[in-house]
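So the chains spell out like this:
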Amino acid sequence: MTQDSYYFIEKKDLQGFIDALTLKMSVFAPVRKGRGFRFEKLKNKQKLDLNGYINTEFPPKSILMPEGEALVRYKESMICEVFDDVKKAVFAIRPCDVHAMLLLDKVMMGHGDIEEHYEARRKNLIVIAMNCTEAGENCFCESMETDRLYGGFDLLFTENGNGYHVEAGSEEGKKIIDDSAKLFRKSSGMPAKTKPGCTKKIDTAGLPEIMKKAANSSIWEDTAKRCLSCASCTFVCPTCYCFSLKHEPDVTDLKNGEVKREMDYCMLLRFSKVAGDYVFRQHRTERVKQFFYHKLVYGLENEGKNHCVGCGRCITECMAGIDITEEAAKVRKKYAKV
Ligand code: SF4
Ligand code: SF4
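About the cut-offs
- Residues numbered from 1 in each chain as written.
- Chains lettered and ligands numbered in written order.
- Predicted model: local features only at pLDDT ≥ 70, side-chain atom pairs only at ≥ 80, totals over all residues.
- Helix = DSSP H or I, 4+ residues; strand = E, 2+ residues; numbered from the N terminus.
- Buried ≥ 20, exposed ≤ 12 C-beta atoms within 10 Å, placed from the backbone.
- Contact = placed C-beta atoms within 7 Å.
- Pairing = 2+ DSSP bridges.
- Axes fitted to C-alpha atoms, helices over the stretch in contact; angles between N-to-C directions.
- Domains from an automatic or database assignment.
- Arc of directions from axis to C-beta.
- Core = buried A, V, L, I, M, F, W, Y, C linked by C-beta atoms within 7 Å.
- Parallel < 35°, antiparallel > 145°, perpendicular 65-115°, else oblique.
- Nonpolar A, V, L, I, M, F, W, Y, C, P; charged D, E, K, R; others polar.

(A) Molecular detail of the overall build of the chain. Tallying secondary structure elements over the chain gives 11 helices and 14 strands in all. Taken over the C-alpha atoms alone, the chain extends approximately 65 × 65 × 40 Å along its principal axes. Of all 338 residues assigned to the chain, the portion counted as buried reaches 35%. In the chain, once contacts between residues fewer than 6 apart in sequence are set aside, the share between residues at least 24 apart is 72%.

(B) Looking closely at the environment of Cys 198. Checked against the element boundaries, Cys 198 lands in the loop between strand E10 (184-186) and helix H6 (207-213). Assessed through the 22 C-beta atoms surrounding it within 10 Å, Cys 198 is described here as buried. In sequence terms Cys 198 and Ile 210 are 12 residues apart; their C-alpha atoms lie 24 Å from each other. Those residues in contact with Cys 198 that lie beyond four places of it in its chain are Ala 135, Cys 139, Phe 140, Cys 141 and Glu 142.

(C) Looking closely at the sheet that holds strand E7 (residues 125-130). With respect to topology, 8 strands assemble into an open sheet ordered E3-E2-E6-E7-E8-E9-E1-E10, the strand pairing being mixed. Each edge of the sheet is formed by a strand with only one pairing partner; in this case those strands are strand E3 (36-41) and E10. The average angle at which neighbouring strand axes cross in this sheet is 25 degrees, direction not considered. Bridge analysis of strand E6 (residues 88-93) against E7 gives 5 bridges, and the strand direction is parallel. Note that in E7 the partner of Ile 93 across the bridge is Ala 129. Its contacts with the sheet put helix H5 (residues 171-179) on strand E1 (6-10), E7, strand E8 (155-160), strand E9 (163-168) and E10, and the angle it makes with E9 is roughly 140 degrees.

(D) A look at the pairing of strand E11 (residues 243-249). Of all 7 residues that make up E11, 0 are buried, and the element is exposed over most of its length. The loop that links E11 with its antiparallel partner strand E12 (residues 256-263) comprises 6 residues; one of these, Leu 254, has a positive phi angle of about 60 degrees.

(E) Main features of the pairing of E6. The element E6 is extensively covered by neighbouring structure, given that 5 of its 6 residues are classed as buried. Note that strand E2 (residues 26-33) and E6 share 3 bridges and pair parallel. From the neighbouring strand, Ser 26 faces E6, where its bridge partner is Lys 88.

(F) Quick look at unusual backbone geometry. In the Ramachandran plot, Ala 92 falls in the positive-phi region, its phi being about 70 degrees despite a non-glycine side chain. Of the residues examined, Ala 92 has 22 C-beta atoms within 10 Å and is grouped as buried. The backbone phi angle of Leu 254 is positive, close to 60 degrees, even though this residue is not glycine. Looking at the secondary structure, you find Leu 254 in the loop between E11 and E12.

(G) Focus on the domain arrangement of the chain. Annotation of the chain at the domain level lists domain 1 (3-186) and domain 2 (207-240 + 266-335). A separation of 28 Å is found between the C-alpha centroids of domain 1 and domain 2. Facing the 20 residues of domain 1 at the interface are 16 residues of domain 2. Those elements giving two or more residues to the side of domain 1 that touches domain 2 turn out to be helix H2 (95-109) and helix H4 (141-144). For the side of domain 1 that touches domain 2, the element with the most residues is H2, which contributes 8 residues.

(H) Spatial organisation of helix H1 (residues 11-24). If you check which residues of H1 are buried, you get Phe 17, Ile 18, Leu 21 and Thr 22. Seen along its axis, H1 keeps its buried residues to an arc of 135 degrees; they face one direction. Across from the buried face of H1, at angles greater than 90 degrees, the exposed residues are Lys 12 and Leu 23.

(I) Representation of the nonpolar core. Membership of the largest hydrophobic core comes to 75 residues, with the highest contact counts inside it found for Val 90, Phe 91, Val 127, Ile 128, Ala 129 and Val 166. The dominant element in this core, judged by the number of residues it contributes, is H2, at 7 residues. Residues from two domains meet in this core; each of domain 1 (3-186) and domain 2 (207-240 + 266-335) gives at least three. Excluding its chain neighbours within four sequence positions, the residues that come into contact with Ile 128 are Ala 89, Val 90, Phe 91, Ala 92, Asp 154, Leu 155 and Phe 157.

(J) Layout of the packing of helix H7 (residues 218-226) against helix H9 (residues 284-303). Following both chains from N to C, one finds H7 and H9 inclined at 105 degrees, their axes separated by 8 Å at the closest point. Between H7 and H9, the interaxial angle falls into the category roughly perpendicular. Touching Trp 220, Glu 221, Thr 223 and Ala 224 of H7 are Arg 284, Thr 285, Val 288 and Lys 289, all from H9. When its residues are assigned to classes, the contact of H7 with H9 shows 3 nonpolar, 2 polar and 3 charged.

Listed below in structure tokens is the structure:
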């Protein structure tokens with residue numbers, strides 16, 4: 001970015017910036033809820049409170065891929081596709097989740113076939129990222145090299161003393177600043193990036209090859225014995241994108257109805273059920289293995305990037321205490337020298 005891409009805003013002016021943005025578009029930001037924070041659409045002039053915010057319990061993925069959405073609606077002989085092209089912004093999204101979003105882009109729009117419902121939302125989403133100053137107890141983004149951003153944002157905030165340094169990463173980002181110009185002053189650059197300081201780590205060197213050697217390992221059976229098949233890990237993972245399609249006709253006349261997309265989860269037995277009631281991942285071991293191999297092997301092969309961004313949410317949410325960093329370490333210990 002050029003010299004004119006850097007700004008500074010004082011903390012006391014942040015609310016004014018968000019209020020102005022909320023008047024122009026739907027703004028999703030971390031809101032204190034449950035055990036922590038969740039991304040929610042802010043109401044007009046809703047007070048922003050980032051005190052204690054490290055990351056959200058659930059990823060911001062649902063802004064692009066809601067849990068359930070109509071793709072097609074029909075009435076008599078009229079059929080129409082449904083697109084959500086409402087202008088939105090996500091504020092204070094962490095670097096790991098921006099990396100996850102860039103991966104979703106590759107999956108949904110990067111293989112020649114563009115998924116147009118995803119594309120409509122993505123094209124209308126302003127990404128306002130915020131660097132981390134502190135790591136959560138289960139974060140390992142430093143190992144996955146997702147703790148910093150080199151792009152993929154319209155604006156990037158970095159907390160510093162009584163305010164935030166802001167880098168504009170796009171013309172749209174600059175325009176947002178221009179629209180609230182009174183609240184920002186020009187700055188000569190961004191402060192040197194500090195690491196969030198993750199205590200959890202994963203050694204990724206040669207890991208896919210080592211994982212492949214462990215394809216039939218008893219490690220996965222042992223892990224599957226602990227796993228409860230609750231699918232919480234896949235539910236909270238910012239890079240899990242599997243879905244099912246559901247036809248919901250209006251049963252009163254069968255002339256109206258819709259086809260819906262519902263997020264689905266490979267940790268569930270029913271996920272791999274196909275016609276004829278055949279389930280091709282019948283055993284929990286196969287489902288557990290699919291999750292870890294998707295995150296640490298297949299993503300690299302298919303998209304050139306690990307499909308784990310080290311957010312640590314699956315570790316936090318797993319009631320059985322299954323930890324992807326420990327699983328990878330077990331595999332490395334047993335198979336690295338085989
Ligand atoms: S969250 Fe834990 S127990 Fe639940 S499906 Fe995932 S690994 Fe299994
Ligand atoms: S596998 Fe776990 S740590 Fe990795 S991105 Fe998904 S939820 Fe985050």
